[in-house]
Amino acid sequence: MTAALLDRVATSAERLRSHGTRLSPSLAAAAFVLVVVGTNLPWATFSGFPGLMSLALYPAGSRIYVLALAPALALVAVRFSRRRQAGLAATLALLAVVVQTIIAIARDGGGLVNVSVGAWVTLLGALLGVAAFVALPDDGAPLPRSWPVLPALVEALAVVFAVAASLALLVYALDVEAPSQFVGFLLALGGGLVALNRLGLFEWLGALYARRQALTLVLMAAAAVTFPFTQGGSSYWLRVAANVGVFAAAAIGLNVVVGLAGLLDLGYIAFFGVGAYVAALYGNAGLGPSRGHLPFLAVIVLGALVSGLVGVLIGAPTLRLRGDYLAIVTLGFGEIFHTLVNTYDAYTGGPNGLSNIPDLRQGSFDFGLPHTVFGVELAGFANYYYLELVLVALVMFVFARLNASRIGRAWVAIREDELAASAMGINTVSYKLLAFGIGATLAGASGTVQAHVATQVSPDSFVFLQSVFLLAAVVLGGMGTVPGAVVGAAILIAVPEKLRAFSDYRLLLFGLLLVILMRFRPEGMIPSRRRQREFHDADGADALSAPPGSAVA
Amino acid sequence: MSLLEVRDLRVAYGAIEAIKGISLDVEEGQVVTLIGTNGAGKTTTLRTLSGLLRPVAGQVLFDGARLDKLKAHEIVARGVAHAPEGRRIFPLMTVEENLELGAYSRKGEAIAQDVAEVFERFPRLHERRAQKAGTLSGGEQQMLAIGRALMSRPRLLMLDEPSMGLSPIMIQLIFDTVAELKAAGTTILLVEQNASAALALADTGYVLETGRVVLTGTGPDLLTDENVRKAYLGED
Amino acid sequence: MQQFFQQLSDGLVLGALYALIALGYTMVYGIVQLINFAHGEIFMVGAFGGYTLYHYVLPSSLPSGIALLLVLLVAMLTSALLAAFVERVAYRPLRNAPRLAPLITAIGVSIALQESIRLFYPNGSVGKPFPQLFPRGTVDLGGVTLTYVDLFVISLALVLMLTLRTFVFRSATGRAMRATAQDPDTARLMGVDTDRIIVITFVLGGLLAGAAGVLQGMIASPIDFKIGFIAGLKAFTAAVLGGIGNITGAVLGGFTLGIVEALATQYVPNGSALKDSFAFVVLVLVLVFRPTGLLGESVRSRA
């Protein structure tokens, strides 16, 4: 019954497509005109809707996103094999933005009568646009498999530009105040990204990054070092950036565990917490039983070592087992850490935690005070920011060395097929333990800094959801790559930082993000080559060995 | 019209094409055998016919109807049974449960009678009917695998390496069983490395090499073919 | 001594609950080798389904016996539908993906479900007093006090578990489930639609989880959006304790864990504050000393 129906739909779509080559360009052109005209007409009959929607000839608010997506209509004229999918993604996003905005206007204004002519014109344009791509036949030359090689600097700059563009989009997104407009932004962004992905942009960037890794990293480092000088002495973004640094270092550590060795650690934040408590108890806060004041460098090392030791203690008995048991055991460990810190409050302060942790001091250098460098005053947080930069650089260095080493190859072997790896003579348990211990050590080190950046530690900063948060950073950025973890941490820290209106939805979005990423882009935004191949080979095998029903799904 | 027609079948694992355009026919009541070395694509062919693998191109017609787009369980329901390589009995279930699963695609009627028939054919299984199948010997497991495939009352029975890893006595018993099934009119597609025994039984044989059919003929013809004797029957 | 028996019987009640949830973990793991992280949330949403029916739909004049029955049914259906939905939308597309992918998806689903209830259920961040529809009263068994509710919880759990056992070991569908768990490809060669069997497995797990949700409401009202997390972890521990993939094991593991927890809470210093940690200690000990669990066979190697 449904099968017959689907058949009929398929045949009529096919018939439509046979006319499509002739029909699509005119549809697309009509759509483009309607969208441009529509966005320059008023969308709301009343003033006050975000984006000055009652004004004509002033495409602000969500109308900008609609306009930004409109050039995708030109894809009908390009003979690329994936133009249809790309165009559909873009036009469907366009349609979604229009519909969502119409709903928002109707809700705010009290009915559809308050939706003005511009919105309807644009809606018609959006529908025509979708129709243009639905009608398009699936043909055209396949995308080139390999791209021409450009000069090194150009390629590296392209990657840096892409990263900068995403950070700029991020900063823009932070300025979007109105919830309805923000939703519109997300819809447009999502559709745009899917379209660009279909056109192979991210593949290309990934290839560029792989080819020009060293130069790209140097350029990014240069950008990172100059960043505080652009802040005009203000500390707001530096504080955010310092936090990003803390979490980026931890995320790279987690990336060793998850991305390289393929071990899912769901209690990772507890290792971070161990480091933070070590810093609070034995650092210059001197809250520990000995009231001792260790110098900062000693504290970092101590925090890293204690955390690493705990990691080995947890890992040793459990790493002999299959990976998914480890996930649960680490989760349990995280919960136990939280409970213990809460319960045994003699030194930990129990649920209240430890506060008033003073700024770091190394010799006579106080991290809390602003300093003037090259005639530019840098706010106090710049010190932490640079400290984090050094820490991240160090962690990245460790990561890169590990990845390229014998150890890294052993991890890949274990991740791909543990049985085969052990048959090849790899001592899987000790390699897994090594990954786990290194991850814990790195988390501990960044935890010690976090205690000072946040000036306090409390058990509620080290809960399961924080572990998920780090995991999301790793997955979003790209499992197994360093910039991936950094970008992931940046996005996940910075977005909720400003979006107070959405902070309540933060966790929900995390959850959905994980699901959607695993479904559509499991290798993350900046994939490692190995990872990408792995995930996409799996796709290939999918078509073969999966039951037909699941292959379609 | 043949019961099973395979036309220019192509199957790939990722980028590697394992079957590069195979065509073959199985007539009703015939025994057809596929022979060839490891990696020739025999098992891949059977797994594709029964829907475990998806072909990249080509057609499979069973009794005139397309099979290559159907799911594995739908193919079983059309009357194609597959006793897979390595026997793959369900080790934690009893012999009897294994047989009942073989009849999963049928509804209700006369299953008990068919179980009894299998027990009649293989008395050893009857003795062990309440035992976990994982505790059976290799030969007994193979009997179970064949019996289980028969439980769906197939119009086409596909056997993948039924003699693999068995003792000479067991091998004899298994080939005797195939001969009996043939005598009873069962249509059989047999994949074997034991080429001489298979060809001796077969009406038609196909020789596969790296995913292609390189030679076709009646069983007796292939048995006496010089190339076949050299390559597959171990004679110089 | 009397206190010991009192804790023991409290442990049984708790264990019945864990066992019901653990069954869902163990069946799903047995069939698709996935730790369905969201199972705790499926249990929680079931409890909310039952609550919703009582609070918003049922007339207050309805006799409490019928109301309880309806609440139970709706909770079970809610969880079952949700489980099937999650399988279809989130897990099935990843059937052949690397192992990490579905596990991360499961975590995402778990968080999304918790947050959806918190954000979108009317006043969802606040605990809801679960309707107490079962007659109050206690039975005194030589100094050990059990409420009627306790007895109801244990007996309903036992009935459901026996029904499940019968289904899995006696029916043709149950046989197909076991076949799929042992060797999915060969099960398909037998004519088993494994996709359908997997959905049925999720649905069965959901039905039991939904019932557990109502029982949870009866013994530990109020319910809130967080109850699934800890309960889910403990139930998973119970499944591992019993031998994951093993239905009888999950029941045994559930009761064992419930009893251990009740006793430890009483006898370990500072026990009630550490209540939720014992399960993990048990989990780690089991994994170290007997990773196959109490009843688990040696781990099958899958070809």
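Residues take numbers from 1 onward in each chain, read along the sequence in its written order. Here the convention is simple: chains get letters from A, ligands get numbers from 1, in the order in which they are written. The predicted origin of the model limits local features to residues at a pLDDT of at least 70 and limits the giving and counting of side-chain atom pairs to 80 or more, whereas totals for whole chains, interfaces and linings rest on all residues. Excluded from the side-chain calculation are hydrogens and water; included are all heavy atoms of the structure.

Undergrad: Help me out: how do you make sense of the interface of chain C and chain A in this one?
TA: Frequently, the measure chosen for interface size is the accessible area that the parts lose on association. In this analysis, two residues are considered to be in contact whenever any of their non-hydrogen atoms come within 4.5 Å of each other. Taken together, the contact between chain C and chain A spans 46 residues of the former and 47 residues of the latter. Between chain C and chain A, roughly 4,200 Å² of surface is buried when both sides are summed, and carbon and sulfur atoms account for 75% of that area. Contact with chain A buries area across many residues of chain C, yet C:Asn96, C:Leu100 and C:Ile104 alone supply 14% of it, more than any other trio. The term salt bridge refers to a pairing of a side-chain nitrogen on Lys or Arg with a carboxyl oxygen on Asp or Glu at a separation within 4 Å. Taken together, the connections running from chain C to chain A amount to zero salt bridges. The definition of a polar contact used here is a pair of N or O atoms within 3.5 Å, where within protein one atom must be able to donate a hydrogen and the other to accept one, and adjacent residues in sequence count solely through side-chain atom pairs. At the boundary of chain C with chain A, the tally comes to one residue pair in polar contact (both at pLDDT 80 or more). Those elements that provide at least two residues to the side of chain C that touches chain A are helix H3 (64-91), helix H4 (100-120), helix H9 (227-242), helix H11 (271-274) and helix H12 (278-289) of chain C. Using a 1.4 Å probe, buried area is obtained as the accessible area two parts lose upon being combined, added over both of them. Secondary structure elements follow DSSP: runs of H or I of four or more residues count as helices, runs of E of two or more count as strands, with numbering from the N terminus.

Undergrad: Even after reading the chapter, I still don't get the packing of helix H7 (residues 201-211) of chain A against helix H8 (residues 213-226) of chain A, so can you show me in this structure?
TA: Helix-helix packing is described using two parameters, namely the angle between the two axes and the distance between the axes. Residue and element names in this part refer to chain A. The N-to-C vectors of H7 and H8 enclose an angle of 95°; their axes lie 5 Å apart at closest approach. Here H8 runs roughly perpendicular to H7, going by the angle between their axes. Of the residues in H8, those touching H7 at Tyr209, Ala210 and Arg211 are Gln213, Thr216 and Leu217. For this classification, Asp, Glu, Lys and Arg are treated as charged, while Ala, Val, Leu, Ile, Met, Phe, Trp, Tyr, Cys and Pro are nonpolar and the rest, including Gly, are polar. Class assignment of the residues belonging to the contact of H7 with H8 gives a composition of three nonpolar, two polar and one charged. Axes here mean lines fitted to C-alpha atoms, for a helix over just the part in contact, with angles spanning 0 to 180 degrees between N-to-C directions. Orientation is classified from the angle alone, with under 35 degrees giving roughly parallel, over 145 giving roughly antiparallel, 65 to 115 giving roughly perpendicular, and any other angle giving oblique.

Undergrad: Would you take a moment to explain the confidence of the model for chain A for this structure?
TA: Low pLDDT marks stretches whose predicted atomic positions should not be read closely. All names here are of chain A. The predictor attaches a confidence to each residue, and that confidence, scored 0 to 100, is pLDDT. Mean pLDDT for chain A: 77, with 79% of residues reaching 70 or above. Here helix H22 (residues 548-552) stands out as the least confident element of chain A, with mean pLDDT 29; helix H4 (residues 117-134) is the most confident, with 88. Confidence drops under a pLDDT of 50 for residues 537-553, and excluding neighbours within four residues, the segment shows 32 contacts in the predicted structure.

Undergrad: Would you take a moment to explain the nonpolar core for this structure?
TA: Proteins that are soluble and globular tend to have nonpolar side chains buried together. Counting residues in each nonpolar core, the largest one holds 212 residues, and the members touching the most others are A:Leu264 and C:Ile107. A per-element tally of this core places helix H9 (residues 236-260) of chain A first, with 15 residues. When neighbours within four sequence positions are excluded, A:Leu264 is seen to be in contact with A:Val258, A:Leu326, A:Ala327, A:Thr330, A:Leu471, C:Leu100, C:Leu103, C:Ile104 and C:Ile107. Only buried Ala, Val, Leu, Ile, Met, Phe, Trp, Tyr and Cys residues count toward a nonpolar core, and they belong to the same one when joined by side-chain atoms within 4.5 Å. Each residue is placed in one exposure class: buried if its accessible area under a 1.4 Å probe, protein chains only, is under 20% of its type's maximum, exposed if it is over 50%, and partly exposed if it falls in between. Formed by 43 residues, the second largest nonpolar core is a distinct cluster that contains A:Ala28, A:Leu73, A:Ala104 and A:Leu136.

Undergrad: Quick question: what am I supposed to make of helix H6 (residues 172-182) of chain C here?
TA: Residue pairs three or four apart in sequence face the same way in an α-helix, which turns once every 3.6 residues. Most of H6(C) is tucked away, with ten of its eleven residues classed as buried. Within the sequence span of H6(C), burial applies to C:Thr173, C:Gly174, C:Arg175, C:Ala176, C:Met177, C:Arg178, C:Ala179, C:Thr180, C:Ala181 and C:Gln182. Those residues of H6(C) that are buried lie in contact with helix H3 (95-102) of chain B together with helix H1 (2-32), helix H5 (148-170), helix H7 (184-189) and helix H8 (194-219) of chain C.

Undergrad: For this particular structure, what's the right way to read empty space enclosed by the protein?
TA: To locate leftover empty space, one rolls a probe as large as a water molecule over the atoms. Buriedness for pockets is judged along seven lines, at least five of which must meet protein on both sides within 12 Å for an open set on the 1 Å grid over protein atoms alone, while cavities are sets there where a 1.4 Å probe fits but cannot get out, and lining residues have an atom within 4 Å of a point. Grid points are joined across faces, edges and corners, and a volume is the space filled by probe spheres set on the points. The final tally for this structure, using the stated rule, is four cavities of 30 Å³ or more. Of the pockets and cavities examined, the largest cavity occupies roughly 70 Å³. In this structure, the largest cavity is lined by A:Ile328, C:Tyr25, C:Ile35, C:Phe37, C:Gly40, C:Glu41, C:Ser110, C:Gly228, C:Phe229, C:Gly232, C:Leu233 and C:Phe236. Ranked by residue count, the leading element in the lining of the largest cavity is H9(C), at five residues.

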